[in-house]
Amino acid sequence: MAAQREWLEKDYYKVLGVPKTATEKDIARAYRKLAKQYHPDANPGSEDRFKEISAAYEVIGDQPKRKEYDEVRAMGEHGFAGNPFGGGAGAPGASSFKVDDLGDLLGNIFGRGRRSRQAPGASPGPSGPQRGTDVEAELHLPFADAIRGVTTTVNVTSDVACSTCGGSGSAPGTAPTVCPVCSGRGVINENQGMFSFSHPCVACGGTGMQIEVPCPNCGGKGIEKRARQVKVRIPPGVEDRQRIRVPGRGGSGSHGAPAGDLFVVVHIASHPFFSQKGRDLSVRVPVTFAEAALGTTVSVPTLNGKPVTLKVPSGTRSGKVFRVPGQGVPAGPTSAKPGDMLVTFDVDVPAKLSADERRAVEALAKASAEEGNKLREKLGAVTE
């Protein structure tokens, strides 16, 4: 039976936000929407929520599993009231059936009972197949590489398949043998009346195989810790301290179990001119007072090395922002269209003036004195 004890604790319909009467299409549609919203690549820090959504869809998105899930949930809600074996609470032979008892019973039904005892005098065998651990690595990128996206490598030290035995756990020249107790299944079934109980095989530790001569390097585990390089693809527009998930490139699993995931934390160096705001780039361009007052055209640098010409209208104020479409973060997996470049013009006021500049400014001040008085009169009217 593919059911798990968590089925009694998790309402997978609620996780996906659908009613119990939802059709397969409704469930698939809800899953795709939530998976896109909470995917770790697009929404850093949402790994647990994404795993919960995936686990829910894996069960109720599959018709046979969904049927089993519904039956188990119904049994949990109705089937264990009073005496679980059919008698009422006051029926002869009725027992006090506690939550712990229910957990033990379901644990045995679902092959997840309490830890089995080792055979007297037997040495502890290897644990059953276990998924590899998740690994985290740090990556430092130049600003331009982070904006454009890049394929690079990171250095990781993690569990990998043993270099001596190739992951089998057996010494060179030998091989694991099928466990004679469980016939390679890793579990022992016991029929007790109306229930079928199962527990991990104590002879092989639940692996289904026995290692007669353990590998001298890994001691029969099949894995060792070793430094390695992993190639990773960083999407365009990655942000500082964002975590990029690389599935299956974490620590190796034991006894044939899948590997864990690699999470790359990106650190981005600052740029002397550009900054990032989501999918857009920002740059500040200085202009003189005369250029801002009279208007001009300026050449604005871009991150791709090809400057764009931008018209500065006459009367442009300091801090005015102009948008240049398509010159921001390039299109990538998370966005079908490129971002824009936001150009902010800063009107530069010189600290020192030449004699000619001073005479010109004084003439301008004289010519605009009346206009300045009018502006200040408006301010005074507002404050009165």
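It should be noted that the structure appears before, not after, this text.
Cut-offs applied
- Residues numbered from 1 in each chain as written.
- Predicted model: local features only at pLDDT ≥ 70, side-chain atom pairs only at ≥ 80, totals over all residues.
- Heavy atoms only, no water.
- Helix = DSSP H or I, 4+ residues; strand = E, 2+ residues; numbered from the N terminus.
- Buried < 20%, exposed > 50% of the residue type's maximum accessible area, 1.4 Å probe, protein only.
- Contact = heavy atoms within 4.5 Å.
- 1 Å grid on protein atoms, 1.4 Å probe; cavity = no way out; pocket = protein on both sides within 12 Å on 5 of 7 lines; lining within 4 Å.
- Points joined across faces, edges and corners; volume = space filled by probe spheres on them.
- Nonpolar A, V, L, I, M, F, W, Y, C, P; charged D, E, K, R; others polar.
- Expected span 1.5 Å × (residues − 1).

**Focus: the environment of Pro 142**
Working step 1: Here Pro 142 is to be found in the loop between strand S1 (135–141) and helix H7 (143–148).
Working step 2: Its relative accessible area of 43% is what places Pro 142 among the partly exposed residues.
Working step 3: If we skip the residues at most four places from it in the chain, Pro 142 touches Ile 268 and Ala 269.

**Quick notes on the layout of surface pockets**
Working step 1: Counted as a void, the largest pocket has a volume near 490 Å³.
Working step 2: Considering the residues around the largest pocket, the lining is formed by 16 residues, among which Phe 289, Ala 290, Pro 350, Val 361 and Leu 364 are closest to the centre.
Working step 3: Those elements that place two or more of their residues in the lining of the largest pocket are helix H8 (289–294), strand S15 (341–348) and helix H9 (355–367).
Working step 4: Per element, the largest residue contribution to the lining of the largest pocket is five residues, and it comes from H9.
Working step 5: When its residues are assigned to classes, the lining of the largest pocket shows 12 nonpolar, two polar and two charged.

**Looking at helix H4 (residues 47–60)**
Working step 1: Here H4 spans 20 Å end to end across 14 residues, near enough to the 20 Å set by a 1.5 Å rise per residue.
Working step 2: Those residues of H4 that sit buried are Glu 47, Phe 50, Ile 53, Ala 56, Val 59 and Ile 60.

**A closer look at unusual backbone geometry**
Peptide bonds are mostly trans, and most non-glycine residues show a negative phi.
Working step 1: Look at Ser 183: it is not a glycine, yet its phi comes out positive at around 60°.
Working step 2: With respect to the secondary-structure elements, Ser 183 resides in the loop between strand S3 (177–178) and strand S4 (187–192).
Working step 3: Of note, Arg 241 is a non-glycine position whose phi angle comes to about 70°, a positive value.
Working step 4: Along the chain, the position of Arg 241 falls in the loop between strand S7 (223–234) and strand S8 (243–246).

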